[in-house]
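In case you want the letters, here they are:
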Amino acid sequence: MTNPYIPMKAEIVSIKTETRDIKTFRLKPLGGKLKFEAGQFVEVSVFGVGEAPISISSDPDVDDYFELSVRRVGSVTGALFKLSEGAIIGVRGPYGRGWPLKESEGMDVLIVGGGCGAAPLRPAILKLLRSRDRYGRIELLYGARTPSDVMYMEEFEAIAEGSGCRVLLTVDTIAPDNRWRYSVGVVTSLFDKISVNPFRSVALVCGPEIMMMYAVRDLLRLGFKPENIYLSMERRMRCGLGFCGHCQIGRKYVCLDGPVFSYSEIAPMPDKIV
Amino acid sequence: MLKIGLFKFSSCSGCQLSFLRLNEKLLDLVDKLDIAYWVMVSDNDVEDSYDVAFVEGSISTPEDIYSIKDVRARSKVLIAFGACASFGGLNSIRNYMVQKDVEKIVYGSSGALSVKSIISYPIDFYVDVDIYLGGCPPSLSDILEVIKASILGFKPRLPDYPVCVECKLSENECLLVNGEPCMGPIIRAGCGALCPSLGRTCEGCYGPQADPNPNSLADKFREIGLSEDEILCRLRKYAGMHRDFRGIAKL
Amino acid sequence: MSVVGSMNTFIADLHDLDRLVEVARSRYSVYAPVRRGRGYVFSKIEGMSDTDLRYNRTILPPTKIFHRPKEVLLRFQLADGPEFGEVVEVEPMMIFGVHACDLNAILRLDRFFTRRFEDPYYLARRRGSVVVALNCNGPRDEYCFCASLGTGPTVYGGYDILLTEVRDRMFLVEAGSEIGANLIDEARFRRASMSDMEAKKAVASTAKREFRRYADFRSLSYPVIEVLAHTVWDEEADKCFSCGNCSLVCPTCYCYEIYDTLDMDLNSGFRVRRLDSCQLYGYAEVALGGNFRKSRKARLRHWMVCKFGGAAGGELSSCVGCGRCIFYCPARIDITSVASRLREAV
Ligand SMILES: Cc1cc2nc3c(=O)[nH]c(=O)nc-3n(C[C@H](O)[C@H](O)[C@H](O)COP(=O)(O)OP(=O)(O)OC[C@H]3O[C@@H](n4cnc5c(N)ncnc54)[C@H](O)[C@@H]3O)c2cc1C
Ligand code: SF4
Ligand code: SF4
Ligand code: SF4
Ligand code: SF4
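No experiment lies behind these values; they were computed from the predicted model shown.

Scoring rules and cut-offs
- What you see as residue numbers is a count from 1 along each chain, following the sequence as written.
- Chain letters start at A and ligand numbers start at 1, both assigned in the order the entries are written.
- Local features are withheld for residues below a pLDDT of 70 in this predicted model, meaning they are given only at 70 or higher, and side-chain atom pairs are given and counted only at 80 or more; totals for whole chains, interfaces and linings count all residues.
- Heavy atoms throughout the structure, all of them, feed into the side-chain values; hydrogens and water do not.
- The helix and strand labels rest on DSSP assignments: H or I over at least four residues marks a helix, E over at least two residues marks a strand, and numbering proceeds from the N terminus.
- Atoms counted for the radius of gyration: C-alpha only. Globule rule: 2.2 Å times the number of residues to the power 0.38.
- Remark: exposure states derive from per-residue accessible area (1.4 Å probe, protein chains only) relative to the maximum for the residue type, with buried under 20%, exposed over 50%, and partly exposed in between.
- Note on contacts: a residue pair qualifies if any of its non-hydrogen atoms lie within 4.5 Å across the two residues.
- In short, Shrake-Rupley with a 1.4 Å probe defines the accessible areas, and a residue's cover is counted only from the protein chains shown.
- Charged-residue counts in this description rest on Lys and Arg as positive and Asp and Glu as negative, His and the chain ends being excluded.
- Here the site of a charge means NZ on Lys, CZ on Arg, CG on Asp, or CD on Glu.
- By convention in this text, a residue qualifies as near a molecule or strand provided that one of its non-hydrogen atoms is within 4 Å of it.
- In protein, a polar contact requires one atom able to donate a hydrogen and another able to accept it; more generally it is a pair of N or O atoms within 3.5 Å, and residues adjacent in sequence count only if both atoms are side-chain atoms.
- When a carboxyl oxygen of Asp or Glu lies within 4 Å of a side-chain nitrogen of Lys or Arg, that pair is called a salt bridge.
- Only rings of Phe, Tyr and Trp enter the pairing, Trp through its six-membered ring, and a pair is recorded when the two centres are within 6.5 Å. The plane angle decides the type: under 30 degrees is stacked, over 60 is edge-to-face, the rest tilted.
- Two conditions define a charge located above a ring, namely a distance within 6 Å from the ring centre to NZ of Lys or CZ of Arg, and an angle within 35 degrees of the ring normal.
- Here the buried area means the combined drop in accessible surface, using a 1.4 Å probe, for two parts upon being joined, counting both sides.
- Nonpolar residues are Ala, Val, Leu, Ile, Met, Phe, Trp, Tyr, Cys and Pro. Charged residues are Asp, Glu, Lys and Arg, and all others, Gly as well, are polar.
- A pair of strands is treated as paired once DSSP finds two or more bridges between them.
- Axis definition: a line fit to C-alpha positions, over the contact stretch in the case of helices; interaxial angles, taken between N-to-C directions, run 0 to 180 degrees.
- Domain boundaries shown here were taken from an automatic or database domain assignment.

**A short note on the overall build of chain A**
Helices and strands together make up the secondary structure of chain A, namely 6 helices and 15 strands. A compact globule built from 274 residues should have a C-alpha radius of gyration of about 19 Å, and chain A, at 18 Å, falls within 12% of that. Burial analysis of chain A (274 residues in total) assigns 61% to the buried set. The long-range fraction of contacts in chain A, counting pairs at least 24 apart against all pairs at least 6 apart in sequence, stands at 69%. Accessible area for chain A stands at about 10,500 Å²; split by element, carbon and sulfur atoms hold 50% of it. The average position of the 35 basic charges and that of the 32 acidic charges among the side chains of chain A differ by 2 Å.

**Some words on the site of ligand 1**
Around ligand 1 sit 27 residues in total, of which Pro 53, Arg 71, Ser 75 and Thr 77 of chain A together with Glu 285 of chain C are the nearest. What surrounds ligand 1 is not a single chain but chains A, B and C. Pro 53 of chain A places a polar main-chain atom, nitrogen or oxygen, 2.6 Å from an oxygen atom of ligand 1. Between Arg 238 of chain A and ligand 1, the recorded distance is 2.8 Å, taken from a side-chain N or O atom to an oxygen atom. If ligand 1 stood free it would expose 940 Å²; the protein chains cover 88% of that surface.

**Regarding the pattern of salt bridges**
Applying the stated criterion across every chain, the model contains 69 salt bridges over all chains. Between Arg 222 of chain B and Asp 219 of chain B there is a salt bridge, with the nearest N and O atoms lying 2.8 Å from each other. Taken together, the residues Arg 222 of chain B and Asp 219 of chain B, both in helix 8 (residues 214-223) and 3 residues apart, mark about one turn of the helix. A residue is classified by how much of its surface remains accessible, and Asp 219 of chain B, at 46% relative accessible area, is partly exposed. Between Asp 168 of chain C and Arg 54 of chain C there is a salt bridge whose closest N-O contact spans 2.9 Å.

**A word on the packing of aromatic side chains**
Applying the stated criterion across every chain yields a total of 30 aromatic pairs over all chains. Aromatic side chains Phe 25 of chain A and Phe 81 of chain A sit 6.1 Å apart centroid to centroid with 65° between the ring planes, which places their arrangement in the edge-to-face category. Of this pair, Phe 25 of chain A sits in strand 2 (residues 22-29) while Phe 81 of chain A is found in helix 1 (residues 75-81), placing the two residues 56 residues apart along the sequence. Exposure class is identical for Phe 25 of chain A and Phe 81 of chain A. Each is buried. The ring of Tyr 40 of chain C has Arg 35 of chain C sitting right over it, with the charged end atom 4.6 Å from the ring centre.

**Observations regarding the interface of chain A and chain B**
Across the boundary between the two partners, chain A contributes 5 residues, which contact 5 residues of chain B. Considering only the side of chain A, the residues that lose the most area to chain B are Val 49, Ser 75 and Lys 82 of chain A, jointly responsible for 73% of the buried surface there. In terms of residue class, the side of chain A that touches chain B is made up of 1 nonpolar, 2 polar and 2 charged.

**Considering the sheet that holds strand 7 (residues 129-134) of chain C**
Residue and element names in this part refer to chain C. Strand order across the open sheet formed by 8 strands is 3-2-6-7-8-9-1-10, with mixed pairing between neighbours. The sheet is open, and its two borders are formed by strand 3 (39-44) and strand 10 (190-191), each paired with just one other strand. Across the sheet, helix 5 (residues 194-207) lies against strand 1 (9-13), strand 8 (161-167) and strand 9 (170-175), angled at about 90° from strand 8, the strand it touches most.

**Overview of the domain arrangement of chain A**
Residues and elements named next belong to chain A. Domain boundaries in chain A define domain 1 (8-95) and domain 2 (108-266). For domain 1 versus domain 2, the distance between C-alpha centres works out to 21 Å. The interface of domain 1 with domain 2 comprises 25 residues on the first partner and 24 residues on the second. Between domain 1 and domain 2 the total buried area reaches about 2,000 Å² when both faces are included, carbon and sulfur atoms providing 51% of it. Counting across the domain 1 and domain 2 interface gives 5 salt bridges. Its salt-bridge partner being Arg 20, residue Asp 149 comes within 2.7 Å of it at the nearest N-O pair. Inspection of the region where domain 1 meets domain 2 yields 10 residue pairs in polar contact (both at pLDDT 80 or more). Mapped by element, the contributors of at least two residues to the side of domain 1 that touches domain 2 are strand 2, strand 3 (41-46), strand 4 (50-55), strand 5 (66-71) and strand 6 (88-95).

**Details of the site of ligand 2**
Around ligand 2 lies a shell formed by Val 163, Cys 164, Cys 167, Lys 168, Cys 174, Leu 175, Leu 176, Cys 182, Gly 184, Pro 185 and Pro 196 of chain B together with Asn 245 of chain C. Ligand 2 is flanked by residues contributed from chains B and C. When residues of the shell around ligand 2 are assigned to their parent elements, the largest contribution, 4 residues, is made by helix 6 (residues 163-169) of chain B.

Here is the structure:
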């Protein structure tokens, strides 16, 4: 019996600073590969500090490395930020149910991200663009607090350059002297500009839960079906294996049944914001 | 090197004694710890800055107010060390009496006229506190956790759940259920359920747990026959000044 | 587990059972209910004189032996590393005198800990264990309500050996597995008579009629709106201490916290798991102080709905009617009376 609590070692091969509190760590798994689907996550160990669930943010079709985009908020994420290239950490996983990319073939896809919520959406975007012809229109809406909080900026701009995916960016506020070329306002204010057909679209949404609440409300109003709105949920999580209990939302375990849920699955559950 | 200072205000020095009791446990850390100021142990002068200040005692004289602000200014991390510093502690029982009467009891009618005492407040009434270490005195394991975490620059892992958790995990029969006035349900763990494990009720020296329900405990105490006075005494004993208790402790 | 025919039925008094314990002790650590103060705890015994088979219930349930309240998951070392390795503590164990409710809880946890992944710590201890179950002749006290949930008072499977007190301190002994049969064989019990076997049937049929406490938890589940919105939660939350006693003593509560702890050298350390409770404020707290069950009411409701079988653990974390949470709640919150209030609404 293999012990699912024992992590695999992974080496930090490079670190990219995305924003003042988000870094992307490129990791090389030592002794094995990590095969994953877009939207899945791993449990990251910094020994002596603890573990934290982090979404895999890299291309699922590349398997000699994987990336994690981490926001510094506390103990484990803080300890990760102190590490440099060459450091060894532990990872176990991948866990959870990712985005319904196969099921969405033939439909339009609206991707809505807020803040660090772009991390689990990135593998989905890369995957969708790779099999571009299987989908209808694809649009990406992303919002952050200020221009310096926007992650993956060059990548988003590159995607916007290419054909195949419209990219709309926005920030909540800008400083008076800022040369921000995109919209200003919360991410839902971009909904006026979308061109996907709500009646045959899926929406893939990830961000702070309060943002997801407003996004869902507006998407429903636009005509999206509750079962076609997918949300990646975040809860306190310890084991990732469906045991420790912390990530429950009503009848659901985020680690096993999610982290990606359709809105219709999650809507009736208590103790949540969306 | 982590530069530590230990400071004392109105207190019995019990918390410092606990620090002393760490003794050989601290040997492993000699090359990582510099105890730069500790009145009880050495007569070093106060230095300009400390990485971590352990502050024992409540603030109960006008001079104390000046000194605690001074310690705060010199310290990167300030720890309220023990019940007195964190919540007022035993010293705060006198806040419920007329100050003149208290002074008379303590110093006699003729004595120590120069002593001016004010309401005994926890240190966070005057300065910002980074870490609270409740307990009268704090447990050695909590102190060690704070020292280790400070050296490594982590947030220390201190329980915020109630004493009942440690009590049940030690498989003690519940005193409160059996009609004894245990404070365990509303008091923060950290002591390892020391008193209940010895068959004695929790007296509350660790202060309030993360989400205490003192009103319900007062009802429970009434149900098992405590008088209103006895209930007030129990709620005031260590942490009556804490915002979670002061309403019901009737400050 | 092969079921051995009913011919393998024996009768034993406490002296005979003492022989069984002695035989078992050569291979297993034997755990049984032992008096501690006003309560009982499952702990190691050397003979029948250490235990009391008329016990009402233990403070912590016997599931603690497999799912430990606190245990080390792995050991690590930071220098030149990190290096790490698992720590699984196992000893062959016999759990002696397990009531039907607690046995059913063990069987639920067996399924829970093999649901999608396997928990090697639980399973290593559980798979090497032998269970001697004990039928109840009726409720052990006014807190028991297994009868209405179908989880007692009589045991119907999942044991290696089953005891039924058919006359004063005379026990009918049945084997439920090969291992059980062999142990009984070695303990050299007398065969039971027809009347002993009849007596067992009589015990089983009278036992379930003596219960005074009832519960019906069906369809009291997430996301039933009548359950979620009921005012009983506000009333009970006013009393509740968020102390966690109810779930810490519950035999089907499995939730745990995981954390790292460093030795004094700041180099080596352990990853530990410790029983947690959804009644505690910190349970659903996330980074930066966010909390999805900030209110006591939400926590109390989640705990109870979980025990109704309606939360994410499903029937595997549902109540078996042992009565512990009612007895050990300092606020006298009673799952059976809350359920009957809710029943009126659904
Ligand atoms: C499925 C999933 C995917 C995620 N993906 C990402 C991602 O891609 N990028 C990202 O940045 N984040 C992601 N997160 C969020 C991330 O997991 C959290 O931000 C992270 O766990 C914070 O850990 P921390 O130790 O740094 O924070 P902390 O705040 O230190 O710890 C988190 C929790 O642990 C408890 N805790 C910590 N220390 C202590 C202590 N000393 N005592 C008691 N309790 C303590 C706290 O109560 C807190 O609630 C994801 C979360 C989930 C569930
Ligand atoms: S004895 Fe006190 S601390 Fe222990 S469970 Fe009872 S109330 Fe809680
Ligand atoms: S919910 Fe209460 S009565 Fe039911 S199994 Fe758990 S402790 Fe026993
Ligand atoms: S979530 Fe369920 S199993 Fe976990 S502590 Fe709460 S009641 Fe028990
Ligand atoms: S229901 Fe009772 S035992 Fe459970 S947390 Fe509330 S007061 Fe404590």
